[in-house]
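# A closer look at the structure
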Amino acid sequence: MYLVRQKRKNGIYYYAVEKKRIAGKVMTVKQIYLGSSETVINKLTDNSLQILKSKTFGSVALLLHIEKQFGLEKIFNDSLDKKRKNDVSGKYFLSILFNRILEPASKAGIDKWLKTTYLDWIWKLNANSQIYWNHLDYLDDGAISKIGSKMAEKIFEKIDDEEFLLDTTNHFTYIQNKDSKVLAKGKSKQGRNDKNLVCYGLLIGSKSRIPLNLFQYKYEPDSEFLKEKIDDITKFLELYRKNKFTLVMDKGNNSENNVKKLAKYEFIGSLRKEQAAKLLEIPLENYKSSYITQKKRTVYVCDAGKKSLYDSEYRIVLSYQKESYEKQKKKFEETVKKTLEKYEKIKGKRYEKIVSASNELNDILPKKYKKAFNKEILPEGDKYVIKLSEVSESNKLYETHFGKNVLFTNKLETPAVEIVQSYRSLNVVEDQFRTLHNAFMIPITPIFEWTDQKIKAHIFLCFLALILVRMLEYEARKKEMTITFSKLLKDAKNIRVGLVSDGKKAKYCFERMDVEQQKIMSAFELQEFFQ
């Protein structure tokens, strides 16, 4: 069918014409009158249509696309206590997840946000803040366990990771609950040791970068966390990977108990500075191997043989990066300078009691670099004074440590460079933590929930939201799309659907899309969700 232009006395008119060859002759088999040039232009530009309402479609359609791969709505409904759920419980949970990813709001703000999206038209939820609060109660420990297991099973069907990363973090909260079995004060990652902390660990696929398991716990040092959870972690990995997996963990998880339990599996860990003082003094000339990172930085590697640790022999691999050295050295010099400046303010001050002087000195000294200073508390008459000075020899020793990591592993045949690359993959976990700390991504805080169960449910929902985001990124990489996740969501958010009317009847249609938006629609087949 093609366009035919006909000129008449009172103007130019257009027809859509279809012709076919019949009995050797070309004949017109179909002709549709389109109207005058003005009429055609109005139809093409939709000038005759009036937009009644417009809602965002693309960003929620992307999440529906990922949700469909898991059947997450059904997983929610199948995992909840039958006496508590209703027919649309799954959709309420998806609303919480999608909102947390796209435009984080309080429970009171979720419904307001939902009404700006295409979901409002297709789900027709009768929601309010109380309904969302009630649904958090439905996520008891049993439901969380069932949902987590079903999600993990489906993720492992999609990925081929054999190397897994484990790390922990915490967030401070203003919630005060003395009877809580979830909250406790401790060493805050954000420096708020005066506040209660919510703590959790993540197990993540190194290659796929997808979170696989969440471990929530009351604050304790990392090594104690792993001591309690190590059996759960290894059983989880054995379930999906038998014994064919490598666990990569940070130095905070080191303890004799943990290392001995991991010995029958392959693992890569890191030694603390005090465990590796002599190894850190190995000269850089011995770092024979190297590789270039994605950021075009060179990492030098030293295969340092074996060392007896925790009653066994382990292979030792060292790494050094100049940029890390310079960054750590600069921070060290700034710390020394600030410490001496603090000392100058109290220099000559006389203390009634030696304990008062000792407390003042401890407040001044940086915990990490105490050996960088000569420090004394001396009697002066019937009082005491503090003497503090920099130790240049100790500073030189500190400098030999900067920019280096000392790794230990039971992987004896793997090239040293690959051992270092595997360990540095822990940055993937740090990226996930940054996402959960970021107010504009999937923020865990602020936490408005007060009961232990609601706090655990809230963190679990943030974990599920993180899975959806990383799965979307994973699919984009497989499609060889170079677009960043934030740009992907931004472009998708501007794919909108309008309710339009020609004066006689109303219909839904897409607003005009640019090239990038059309690519997203096509790549993820989002048309499927336009009803």
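Analysis parameters
- Residues numbered from 1 in each chain as written.
- Predicted model: local features only at pLDDT ≥ 70, side-chain atom pairs only at ≥ 80, totals over all residues.
- Heavy atoms only, no water.
- Buried < 20%, exposed > 50% of the residue type's maximum accessible area, 1.4 Å probe, protein only.
- Helix = DSSP H or I, 4+ residues; strand = E, 2+ residues; numbered from the N terminus.
- Pairing = 2+ DSSP bridges.
- Arc of directions from axis to C-beta.
- Contact = heavy atoms within 4.5 Å.
- Polar contact = N/O pair within 3.5 Å; in protein donor to acceptor, adjacent residues only side chain to side chain.
- Phe/Tyr/Trp six-rings, centres within 6.5 Å; stacked < 30°, edge-to-face > 60°.
- Core = buried A, V, L, I, M, F, W, Y, C linked by side-chain atoms within 4.5 Å.
- 1 Å grid on protein atoms, 1.4 Å probe; cavity = no way out; pocket = protein on both sides within 12 Å on 5 of 7 lines; lining within 4 Å.
- Points joined across faces, edges and corners; volume = space filled by probe spheres on them.
- Nonpolar A, V, L, I, M, F, W, Y, C, P; charged D, E, K, R; others polar.

Every regular strand shows the same layout, with side chains that alternate between the two sheet faces. Burial analysis of strand β17 (residues 496-501) places five of its six residues in the buried class, which makes it a mostly covered element. Looking at chain direction, β17 and strand β18 (residues 506-510) are connected through five bridges and run antiparallel. Residue Leu-499 lies in a different strand from β18, and its bridge partner there is Tyr-508.

Among all positions of helix α19 (residues 515-523), only Gln-517, Ile-520 and Met-521 are buried. All buried residues of α19 project into a common sector of 100 degrees when viewed along the axis, lining one side. Among the exposed residues of α19, those pointing more than 90 degrees away from its buried face are Val-515 and Ser-522. Residues of α19 that are buried in the fold lie against α2 (58-70), α18 (485-493) and β18. Of the residues flanking the start of α19, the one acting as N-cap is Asp-514, its side-chain oxygen 3.2 Å from the backbone nitrogen of Glu-516. Directly beyond the C-terminal end of α19, a positive phi value near 55 degrees is found at Glu-525.

Let's shift gears to the packing of aromatic side chains. Going through the model one piece at a time under the given rule, you end up with 28 aromatic pairs. Ring centres of Tyr-92 and Tyr-132 lie 5.8 Å apart, and the angle between their planes is 85 degrees; this geometry places the pair in the edge-to-face category. Remark: Tyr-132 occurs in helix α7 (residues 129-138) and Tyr-92 occurs in helix α4 (residues 89-102); sequence separation between them is 40 residues. With a relative accessible area of 5%, Tyr-92 lands in the buried category.

Moving on: the nonpolar core. Of all hydrophobic cores here, the largest spans 153 residues; its most connected members are Phe-76, Leu-97, Phe-98, Leu-139 and Leu-464. Every residue in contact with Leu-464, bar those within four places of it in the chain, is listed here: Phe-76, Leu-97, Ile-147 and Met-151.

Time to look at the environment of Pro-283. Mapped onto the elements, Pro-283 comes out in the loop between α11 (277-280) and β11 (289-292). With 19 residues separating them along the chain, Pro-283 and Cys-302 place their C-alpha atoms 9.8 Å apart.

The full count for this structure, using the stated rule, is two cavities of 30 Å³ or more. One number sums up the size of the largest cavity: a volume of about 80 Å³. What lines the largest cavity is simply Ile-96, Leu-97, Asn-99, Arg-100, Ala-105, Lys-107, Ile-110, Leu-136, His-458, Leu-461 and Cys-462. Contributing elements (two or more residues each) for the lining of the largest cavity: α4, α5 (107-114) and α17 (452-478). The element best represented in the lining of the largest cavity is α4, accounting for four residues. The residue inventory of the lining of the largest cavity, partitioned by class, reads seven nonpolar, two polar and two charged. Empty space within the second largest cavity amounts to approximately 40 Å³.

What follows deals with the environment of Met-521. Within the fold, Met-521 resides in helix α19. Owing to a relative accessible area of 9%, Met-521 belongs among the buried residues under this scheme. A C-alpha to C-alpha distance of 48 Å links Met-521 and Leu-271, two positions 250 residues apart in sequence. With residues near it in sequence (within four places) discarded, Met-521 still touches Phe-57, Ile-495, Phe-510, Met-513, Leu-526 and Gln-527.

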